[in-house]
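Descriptive structure summary
Residues per chain are reported as follows:
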Amino acid sequence: MPKKTECIAMLLAGGQGSRLGVLTNNIAKPAVPYGGKYRIIDFTLSNCVNSGIYTVGILTQYQPLELNNYIGNGQPWDLDRSQGGVHILSPYQQIKGTEWYKGTANAIYQNINFIERYSPKYVAVLSGDHIYKMNYAKMLQYHKEKDAACTIAMLEVPWEEASRFGLMFTDDDGTITDFEEKPKNPRSNKASMGVYMFTWEKLRQYLIDDEADENSSNDFGKDVIPAMHNAGERMYAYPFSGYWKDVGTIDSLWEANLDLLNPKANIDLSDSSWKIYGRSPASPPQYVSKDAALQNSIVAQGCEIEGSIEYSVLFSDVVVEKGAVVDYSIVMPGSTVKKGAVVQYAIVAENTVIGENSVVGESPQSIGNLDDWGVAVVGNGVKVGKKAKVKAKSMISADVKEGDIV
Amino acid sequence: MRAKNVLGLIYSNSHDECISELTARRTMGSVPFSGRYRLIDFTLSSLVNCGITKVGVIANSNFRSLMDHLGSGRPWDLSRKRDGLFILPPFKAGDADKGGDRVAALSRVMDFISSSSEEYILICDTNTVYNMDFTELFEYHTEINADITIVTNVGKIPRLKNMMVFDCESDGKVKSVAINPKTEQDVKYSVNTILMRKSLLERLVGDAISYSYESFEKSVIQKNISKLNVYCCNARGFCKMIDSKESYFDINMELLNPDIRADLFNKERPVFTKIRNDMPVQYGLLSSVSNSLISDGCIIDGTVENSVLARGVRISKGAVVKDCILMQDTFVGDDAELQCIITDKSAIITPHKTLSGAKTYPIYIGKGIII
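Cut-offs applied
- For every chain, the first residue of its written sequence is number 1, and the numbers climb from 1 along that sequence.
- Here the convention is simple: chains get letters from A, ligands get numbers from 1, in the order in which they are written.
- Reporting in this predicted model follows two pLDDT cut-offs: at least 70 for local features of residues, and 80 or more for side-chain atom pairs to be given and counted; totals over whole chains, interfaces and linings ignore these cut-offs and use all residues.
- Computation of side-chain values: all heavy atoms of the structure, hydrogens and water removed.
- Think of it in three bands: residues with accessible area under 20% of the maximum for their type are buried, residues over 50% are exposed, and the middle band is partly exposed, with areas taken using a 1.4 Å probe on protein chains only.
- Strands here mean DSSP runs of E at least two residues long; helices mean DSSP runs of H or I at least four residues long; both are numbered from the N terminus.
- A strand pair is defined by DSSP finding two or more bridges across the two strands.
- Working rule for contacts: check all heavy atoms of both residues, and any pair within 4.5 Å makes them a contact.
- Here the buried area means the combined drop in accessible surface, using a 1.4 Å probe, for two parts upon being joined, counting both sides.
- Should a side-chain nitrogen of Lys or Arg be within 4 Å of a carboxyl oxygen of Asp or Glu, the pair is scored as a salt bridge.
- Here a polar contact is recorded for every N or O atom pair within 3.5 Å, except that within protein the pair must consist of a potential hydrogen donor and a potential acceptor, and residues adjacent in sequence are included only if both atoms are side-chain atoms.
- An automatic or database domain assignment supplies the residue ranges for each domain.
- Each axis is a line fitted through C-alpha atoms, taken for helices only over the stretch in contact, and angles between the N-to-C directions span 0 to 180 degrees.
- Each helix crossing is assigned a hand: it is left-handed if the near helix lies turned anticlockwise from the far helix by less than a right angle, otherwise right-handed if that turn is clockwise.
- As used in this record, nonpolar core signifies buried Ala, Val, Leu, Ile, Met, Phe, Trp, Tyr and Cys residues forming a set joined through side-chain atoms within 4.5 Å.

Notes on helix H1 (residues 39-49) of chain B
Residue and element names in this part refer to chain B. Summarising burial for H1: 10 of the 11 residues are buried, a large majority. Among the residues making up H1, those that are buried are Leu39, Ile40, Asp41, Phe42, Thr43, Leu44, Ser45, Ser46, Leu47 and Val48. Where H1 ends, the next residue or the one after it, glycine 51, has phi of about 100°, a positive value.

Here's what the structure looks like:
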């Protein structure tokens, strides 16, 4: 029997992330590479261990192979433990039948038995697809001080962006008085970060009630949180300040990567007191040749750079040949940019080959109507032929023949 | 795989004295090399890549950094219940063998060797930089029915103690062995990677001890050449022995050559090392880098040419670093200029300083020194 654990974390990682298009054809969103050597889920997992939470359940459903393989026994995050550690929780067959996770709340509901093994007092429910550094221990402290049933992390966002978020209204002492989901005319700029701390005893009951309600969509934001609020439970907003980004779309993934190059963005990955852990490939240091030019970029180990790189993030084992140019782009592990090729304003996924003198992506300046502009995306393993062209906003998952324009 | 039947044994203090500045506070095996590695990583990775699962590391002195680096052996998949990594320190103070006496070292760990169930033993040093396919060596050894097979290299004799130089027949069988002969010619010398049956090693070392031996090379190998089938096997690919600060510098710099890198960092036989979880390299707006190896965690705002930078090195604005080897967490301040310098871990070069050595005599700056 596992020993009693004060607080455990449940990490929601089952979403398809369909807005990431070809990038999530074969992998779940939390397994999408980010920041030169990480995967998106590394941030939440590292936050957990840096906050002293060593029991983590990861709820997976969509294309879990790569994610399961990446998490493995959890060793890179120090989560290979005899007490607690990381557990992958997939939907399973039960005596009453087999059910997929119907919603975020249902996913936790189906794993009540897992949670009860640790008899926790508190359960943190987290998303596996946000980029941020946060000390959950401080949030738990706040939760205890307020004697709350539920505490929701809250970030003040710019007013013009507020309508994209689930918003909260709070008292002076932090009590949540009302919610509003993505309103057209926001009256608050306090956004929910999708980071919840629950008193387990309370959450457990609400999950059971929610499951019994046939009209419920079994979602935390839509059903469980409003139910708790309507019942008058003590709910508090925990103010967070710092970098936080939901990388749910191609544009936000691209921006979040380039934010690392912006000193004003306030996301410092070199902070040794709050390291972001991940699985590292056994690649040698990167080599920068005499023909290379590198400006304001992030480049991971194993890369061989002979071309020119500006405002870009290159993952491990990327090769950029002579005369090739990579600008304002993200190039994921194992890809090769051949001689004379240009990659600009693009996301290039893993193990692709960008052929000689081809052009991927277009700069916003070269396009008259900005509505026609967008980041170009090249999917996993795609080969772009010589002198081919991939236009702005294109998203390709099949090879492009020599000279073609897509 | 047959290599499962081979016990690996690494001598971590091999020829410490030849780079005494770098080994003042560490073993040869834990000397940083090629940015993110320690020298022992090459030998250890070669051993595990050919399927060896039990490795003893003889630690004689100064081995704290070695233990820190190896830990439980996890990066090499040697953290296991069955077999795995064994660090073999001296039993008590004063028990350490003086001056790299291999016979004493081997006899000290004979209990470990005898209690291992493997049939063969492969003994390695740590001042050799290579990425060898030991499966080939093992197959050669068994096919040719050798008693002892010694990995050799052809070239000028490294300036090290007790270097064995061989005269061989065309099939590799050793006719004679000379210890440090005076010659400027290219010769076939031992890189001190030796394969034999474990039982033979036990017997030879036992004999040496009972007949007041001189050295491993003289009393175990040279003395028995006529009685045993001793064969040489030339190392294929990149193989260099560090014998001085200058050669340490040169061999580091040789890795700027793409062909040598492709050989040493062979994708089939990856070189593993301790994971530090640094962020990738950040290049600033004014950075200029040319012909250099840069490791994770570096932040480059200045100019770097023909250099090897280890993890976490910072090059500030306006600083110029040429022909240098900068170890972990070295800090180079604004507008400082370095040429032909080796800095040890966490050295700090304050702004506007100018330091220069020569390629034939690089200047060494010790661990944590502030200039």
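Now that the structure is up, let's keep going.
What about the sheet that holds strand E19 (residues 308-309) of chain B?
The 11 strands are arranged E31(A)-E28(A)-E25(A)-E22(A)-E19(A)-E16(A)-E16(B)-E19(B)-E22(B)-E25(B)-E28(B) in an open sheet whose pairing can be described as mixed. Every interior strand has two partners, whereas the edge strands, strand E31 (383-384) of chain A together with strand E28 (363-365) of chain B, have only one. Sheet analysis places strand E16 (residues 292-294) of chain B next to E19(B), joined by two bridges and oriented parallel. From the neighbouring strand, B:Ile294 faces E19(B), where its bridge partner is B:Leu309.

Focus: the interface of chain A and chain B
It is common to give the size of an interface as the accessible area lost on bringing the parts into contact. If you look at the interface, chain A gives 36 residues, while chain B gives 33 residues. Summing both partners gives a buried area of about 2700 Å² for chain A against chain B, and 49% of it is carried by carbon and sulfur. At the junction of chain A with chain B, the criterion picks out three salt bridges. A salt bridge links B:Arg74 to A:Asp80; the shortest N-O distance between them is 2.9 Å. Applying the counting rule to chain A against chain B returns 22 residue pairs in polar contact (both at pLDDT 80 or more). By the bridge criterion, three bridges tie strand E18 (residues 297-299) of chain A to strand E14 (residues 281-283) of chain B in an arrangement that is antiparallel. Paired with A:Val299 across the two strands is B:Val281, which belongs to E14(B).

With respect to the domain arrangement of chain B
Residue and element names in this part refer to chain B. Each assigned domain of chain B is listed here: domain 1 (3-264) and domain 2 (282-365). Of note, the centres of domain 1 and domain 2, computed from C-alpha atoms alone, are 32 Å apart. When domain 1 packs against domain 2, close to 1800 Å² is buried across both sides, 65% of that on carbon and sulfur atoms. On the domain 1 side of the interface with domain 2, the three residues burying the most area are Lys245, Phe249 and Leu256, jointly 33% of the side's total. Linking domain 1 with domain 2 are one salt bridge. Across the salt bridge formed by aspartate 344 and arginine 26, the nearest N and O atoms sit 2.8 Å from each other. At the junction of domain 1 and domain 2, the tally comes to four residue pairs in polar contact (both at pLDDT 80 or more). For the side of domain 1 that touches domain 2, the element with the most residues is helix H8 (residues 245-254), which contributes seven residues.

Thoughts on the packing of helix H6 (residues 200-212) of chain A against helix H7 (residues 220-230) of chain A
All names here are of chain A. It is at 10 Å that the axes of H6 and H7 come closest, and there the two elements cross at 120°. Relative to H7, the crossing made by H6 is right-handed. From H6, Lys202, Leu203, Tyr206, Leu207 and Asp210 reach across to H7, where they touch Phe220, Asp223, Val224, Ala227 and Met228.

Side note on the sheet that holds strand E24 (residues 337-339) of chain B
All names here are of chain B. Strand order in the open sheet formed by five strands is E15-E18-E21-E24-E27, and the pairing between neighbours is parallel. Each edge of the open sheet is held by one strand with a lone partner, namely strand E15 (288-290) and strand E27 (354-356). For this sheet the average axis-to-axis angle between neighbouring strands, irrespective of direction, equals 5°. The pairing of E24 with E27 spans three bridges and is parallel. If you follow glutamate 337 over to E27, its bridge partner there is threonine 354.

Here we look at the nonpolar core
Soluble globular proteins tend to bury their nonpolar side chains together. Formed by 80 residues in total, the largest nonpolar core has its most connected members in A:Met134 and A:Leu253. A:Met134 has contacts with A:Asn47, A:Ser51, A:Met139, A:Ala153, A:Met193, A:Val195, A:Tyr238, A:Phe240 and A:Trp274, leaving out every residue within four places of it along the chain. Core analysis: the next-biggest nonpolar cluster, separate from the first, contains 66 residues, B:Leu70, B:Leu78, B:Val191 and B:Leu255 among them.

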